[in-house]
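Observations on the model geometry
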Amino acid sequence: MIHLTQGNIRLNAQARDKTEAIRIAGSLLVDSGNMQPGYVDSMLLREKVANTYLGNGIAIPHGLPKDRELIIQTGISVTQFPDGVQWNQGETVYLVVAIAARSDEHIELLANLTDVLDDPETVQRLARTSEPADIIERLTQPRDGGSVNTGAPADAADDFAKWVDVSLTGPAGLHARPATAFVDIAKRFQSEVRVRHISKVANGKSLVSLLKLGADKQASIRIMARGVDEDAALEALAAAVRHGLEDEAEAPPAGFAAPTLTLQARAIAGIAASPGVAIGPLRHFRRERIVVAVTANDAAHEQTRLQQAIATAKLQLRELHDEVKARSGGARAAIFRAHEEFLDDPDLVDATQRLIGAGHSAGWAWRQSVDERALEVASLDDALLKERAVDLQDVGRRVLRLLADTLEEEPASIAVPVILVAEDLSPSDTARLDPTMILGICTAGGGPTSHTAIIARSLDIPAIVGAGPAVLHQAEDSLCILDGDTGNLYPEPGDGDLALARQAQHEWQALREAERLACYQPAITTDGYRIEVVANIGGAAEAEQAVAAGAEGIGLLRSEFLFLQRAEPPSEDEQFIAYSAMTRALNGLPLIIRTLDIGGDKEVPYLSLPAEENPFLGVRGIRLCLARSDLFRPQLRAIYRAAATGPVKIMFPMIATVEELRAARTIAEEVRVELGAAVVDIGIMIEVPSAVLMAPELAVHADFFSVGTNDLTQYVLAMDRGHPSLARQADALHPAVLRMIDMTVKAATAAGRWVGVCGGMAGDPKGAMILAGLGVAELSMSIPSIAAIKSRLRAQSLADMQALAKRALACQSAAEVRAL
Ligand code: PEP
Ligand code: MG
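Residues numbered from 1 in each chain as written. Chains lettered and ligands numbered in written order. Predicted model: local features only at pLDDT ≥ 70, side-chain atom pairs only at ≥ 80, totals over all residues. Heavy atoms only, no water.

The name given to the protein chain in an unreviewed UniProt entry is Multiphosphoryl transfer protein, with the source organism recorded as Candidatus Accumulibacter contiguus. Per UniProt, the protein chain carries the Cofactor (unreviewed entry) text "Mg(2+)". Here is the UniProt Function (unreviewed entry) comment for the protein chain, exactly as written: "The phosphoenolpyruvate-dependent sugar phosphotransferase system (sugar PTS), a major carbohydrate active transport system, catalyzes the phosphorylation of incoming sugar substrates concomitantly with their translocation across the cell membrane. The enzyme II FruAB PTS system is involved in fructose transport." (UniProt positions renumbered as here; feature names shortened; annotations may be inferred.)

What follows is the structure, given as structure tokens:
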């Protein structure tokens, strides 16, 4: 039971708007020592995601669950606004009951409050009283049984014939959030739903009615249903209550632990690269043999053929990059940009041209030059660099195929699902494979950071790398078991082993299925903090896919998709249609639209961008937008118009200085006024070191920050994110990057702003844990990562993730961080 004292009541207050009213009500709780000032900002943030208007002139602002640490002691304040305050459209509030609740001490008060709700006369009286004692008396007096105050049916005659008894499992009783979840489910059924708690009975489809029950944590309740779908309603509601009504992480079911496999058969040991168990026939991967003549008569002709082959290979790589990016995201596609760079290597081209000059064919000369360089790279000590030899060979083969006289032994396409065995797989090899035909992958060479390992993980295919040459001598079509968790390949399994492996596979599938089924549950940690999990998308159709995969909104819309591969820029109307199609698909979930992030590294003919020596340090992102108002203004107009169709926020990319942000905001405001559009939140991406260092100043002009770890990593470590030999070292888990994120979160928190992360790190399980521990409120990731990341966050406590983040900040390298 909490105490409401005169110090927490303010009478006769006035406020221009809801924000001011919340600040007044919140300051009472700050002054009384119940909470820190930051929780007032959290209350304001919650208004953006939920409506705290209870009804009948009463609102109950409260902060976000993740900010509970800012509450010193549970308390409430009541502020009376006799003239009323406009809350949301059409809602006028006279009593603002601000709540700072660490757990469920305020439940009884909420129950009393909802009694008042049913009684307009009492609200009017309390809205005008000049006696704080009136308010205290009405809200804190213990109420009698349900029949006195609830107005709801309360005797046995009100019970239905079909019912189920359950106990509340959430951390804080049937307060507003879990009761809302209950009502949402109940409303999906036609049947009437009632809930009994001791002597009170509530309408299960009414939030107010449920709150009146005053059911606190672990309370036992009876759910009753009557109607055509009563059984289904009872089943769904009871299951939801047992799972904590979205108020606490579901305890991971037994299947959530990865199964372990111990088999009798002989094993070939390799390095575990992608988890899971595969059972199937073994198939050796073959590449076609490329035949080229050794010599040629016409050197000039061969030089032209070489130039043409290189140009065609570049075009292919660009197409492959775009295709893989659309299918699996930019990070997976980056390798093909890196391949393109190999083709510009003057050493390689010069050496080939010299050999052609000496009388060799273009094909022979090219193969010779590539092999020499690949051999050099493969003999380097650095394991990561060594692996780049595979890339060099891969891009070499691409050009060679174009110079070939004949292609021999073109491999037959795979017709039945197999475990694929190869010396190593290049990015082009994997891009050509049909993933539905690959049960597992085992390579003789390669390491855990090899391309094979990365692709296998992204496609969710169990894989082993570095298994040694023995795997290359196993019989084709023999049945084998591949264990991607231990890194073992079993070429001759017995019946017992097969049975065990099948069992493990079932457990794996159950794990994935459990993650998938739970994908709509919020990511609430075991100690009750919520981390928003949203999606990165780059196209209109993906908004719907994101919601279906459990995304709670879109944290990053890469709007470039509208601008690339076309002859003229998209019109304002075309953009408006695309953005509003997304708000429709999102059906009320938030959409953050990043304004155009493009620069000299992209070929956009209609922009006539000058070639830049260092495009990543040139006119890109917001710099280009500021220089090209012919692009920026129509985009902003389209976004502001789309904002009338759903909750849209604007985000500026690549902000490096306060001046840029101010200039961009000024233009946005001009556009908004021009259109007479409503204000929307404007945030910025933090992806440049200067933005981190200026975060306190930037926070004055930005409503939120979203850290782009892909770019931040490349700029902090000075490593090109697409560089063939550096990209893998440019690991966002490097302590230097983590310290930058830590600084950003601290600066934002001090200014009452929230921080999200939309770079690849948010979708990496290890990264996500550390980011949550650093205080990041929203993780935005590619669609396939959503279910697994949510499930992992639900299995952790914030306290543990904070401890992990602290240790990560103190590490010396990314490898050390990963080893934690
Ligand atoms: C980033 O830099 O982390 C980011 C999300 O933006 P992009 O990958 O589109 O550059
Ligand atoms: Mg970026």
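1. A word on a nonpolar patch on the surface
There is a patch of nonpolar side chains on the surface, built from Leu693, Met694 and Met743 and spanning about 260 Å² of accessible area. For Met694, a relative accessible area of 33% translates into the label partly exposed. (Patch = residues over 30% accessible without salt bridge, like charges linked within 9 Å, V, L, I, M, F, W, Y side chains within 5 Å. Areas by Shrake-Rupley, 256 points an atom, 1.4 Å probe, with all protein chains shown as cover. Salt bridge = Lys/Arg side-chain N within 4 Å of Asp/Glu carboxyl O. Buried < 20%, exposed > 50% of the residue type's maximum accessible area, 1.4 Å probe, protein only.)

2. Things to note about helix α12 (residues 346–357)
When the terminal C-alpha atoms of α12 are compared, their 16 Å separation across 12 residues agrees well with the 16 Å that a helix rising 1.5 Å per residue should span. Structurally, the start of α12 carries an N-cap: the backbone nitrogen of Asp347 is 2.9 Å from a side-chain oxygen of Asp345. (Helix = DSSP H or I, 4+ residues; strand = E, 2+ residues; numbered from the N terminus. Expected span 1.5 Å × (residues − 1). Polar contact = N/O pair within 3.5 Å; in protein donor to acceptor, adjacent residues only side chain to side chain.)

3. Details of the environment of Leu624
Within the secondary structure, Leu624 is located in helix α21 (residues 622–627). Residue Leu624 is classed as buried on the basis of its relative accessible area, which comes to 3%. Taking the C-alpha atoms as reference points, Leu624 and Leu596, 28 residues apart in sequence, are found 8.5 Å from one another.

4. Points about the sheet that holds strand β7 (residues 192–197)
One open sheet accounts for four strands, arranged β6-β9-β7-β8; its pairing is antiparallel. Single-partner strands in this sheet number two, and they are β6 (162–167) and β8 (200–203). For this sheet, the mean angle separating the axes of adjacent strands, direction not counted, is 25°. As defined by bridge partners, β6 adjoins strand β9 (residues 220–226) across six bridges and the pair is classed as antiparallel. Note that in β9 the partner of Lys162 across the bridge is Ala225. (Pairing = 2+ DSSP bridges. Axes fitted to C-alpha atoms, helices over the stretch in contact; angles between N-to-C directions.)

5. Points about the sheet that holds strand β2 (residues 53–55)
Strand order in the open sheet formed by five strands is β1-β4-β5-β3-β2, and the pairing between neighbours is mixed. Each edge of the sheet is formed by a strand with only one pairing partner; in this case those strands are β1 (9–10) and β2. Examined bridge by bridge, β1 and strand β4 (residues 75–86) share two bridges and lie parallel to one another. Of the residues in β4, the one forming a bridge with Arg10 is Thr79. This element, helix α1 (residues 18–31), spans β1, β4 and β5 (92–100) of the sheet and lies at about 150° to β4. With respect to the sheet, helix α4 (residues 120–128) is in contact with β3 (58–59), β4 and β5, its orientation differing from that of β4 by roughly 95°. (Contact = heavy atoms within 4.5 Å.)

6. Thoughts on the pattern of salt bridges
Applying the stated criterion across every chain, the model contains 38 salt bridges. Arg16 is paired through a salt bridge with Glu20; the nearest N and O atoms lie 3.0 Å apart. With a relative accessible area of 25%, Glu20 lands in the partly exposed category. In this structure, Arg512 engages Glu515 in a salt bridge whose closest nitrogen and oxygen atoms are separated by 3.2 Å. With Arg512 and Glu515 both in helix α18 (residues 495–517) and three residues apart, this pair spans about one turn of that helix.

7. Focus on the pairing of strand β23 (residues 591–594)
Burial of β23 is two-sided: the residues Leu591 and Ile593 facing one way and the residues Ile592 and Arg594 facing the other way are all buried. Where strand β22 (residues 554–558) meets β23, three bridges bridge the pair, whose relative direction is parallel. Its bridge partner lying in β23, Arg558 is registered against Arg594. Crossover β22 to β23 through helix α20 (residues 572–586) is right-handed. Bridging between β23 and strand β24 (residues 648–652) involves four bridges; their strand directions are parallel. If you follow Ile592 over to β24, its bridge partner there is Lys649. (Right-handed = clockwise from strand over helix to strand, strands pointing away.)

8. Some words on the coordination of the magnesium ion (ligand 2)
Surrounding the magnesium ion (ligand 2) are the protein donor atoms Glu687 (OE) and Asp711 (OD), which sit 2.0 to 2.2 Å from the metal. Here the residue Glu687 occupies a position in the loop between β25 (682–686) and α24 (689–693), and Asp711 occupies one in helix α26 (residues 709–717), the gap between them amounting to 24 residues. Of the two residues, Glu687 and Asp711, both sit in the buried class. (Donors = N, O, S within 2.8 Å, 3.2 Å for Na, K, Ca; no water.)

9. Description of the site of ligand 1
In the vicinity of ligand 1, the contacting residues are Leu556, Arg558, Arg594, Met685, Glu687, Gly708, Thr709, Asn710, Asp711, Arg721, Cys758 and Gly759. Within the contact set of ligand 1, an oxygen atom lies 2.7 Å away from a side-chain nitrogen or oxygen of Arg558. Look at ligand 1: alone it shows 290 Å² of surface, and the protein chains cover 94% of it. Those elements giving two or more residues to the shell around ligand 1 turn out to be β22 and α26. Take the shell around ligand 1: its biggest share by element is three residues, from α26. Each residue belonging to the shell around ligand 1 can be placed in one class, and the counts come to three nonpolar, four polar and five charged. (Near = heavy atom within 4 Å. Nonpolar A, V, L, I, M, F, W, Y, C, P; charged D, E, K, R; others polar.)

10. Points about the side chain of His62
Looking at the element boundaries, His62 is found in the loop between β3 and β4. Side-chain polar atoms of His62 contact the backbone oxygen of Ile60, separated by 2.6 Å. Each residue touching His62, except ones within four places of it in the same chain, is listed here: Tyr39, Ser42, Met43, Arg46, Thr52 and Ile99.

11. Considering the pairing of β25
The element β25 is extensively covered by neighbouring structure, given that five of its five residues are classed as buried. Bridge count for β24 against β25 is three bridges, and the pairing is parallel. Looking across to β25, one finds that Met651 is bridged to Gly683.

12. A short note on the confidence of the model for the protein chain
With 89% of its residues at a pLDDT of 70 or more, the protein chain has an overall mean of 85. For the stretch residues 248–257, pLDDT sits under 50, and the model shows 21 contacts to residues farther than four places along the chain or on other chains. (pLDDT = per-residue confidence, 0-100.)

13. Considering helix α9 (residues 230–242)
End to end, α9 covers 18 Å across 13 residues, agreeing with the expected 18 Å (1.5 Å per residue, within 8%). Of all the residues in α9, the buried ones are Glu230, Ala233, Leu234, Leu237, Ala238, Ala240 and Val241. Viewed along the axis of α9, the buried residues span an arc of 160°, placing them on a single side of the element. Of the residues trailing α9, Gly244 is marked for its positive phi of about 90°. (Arc of directions from axis to C-beta.)

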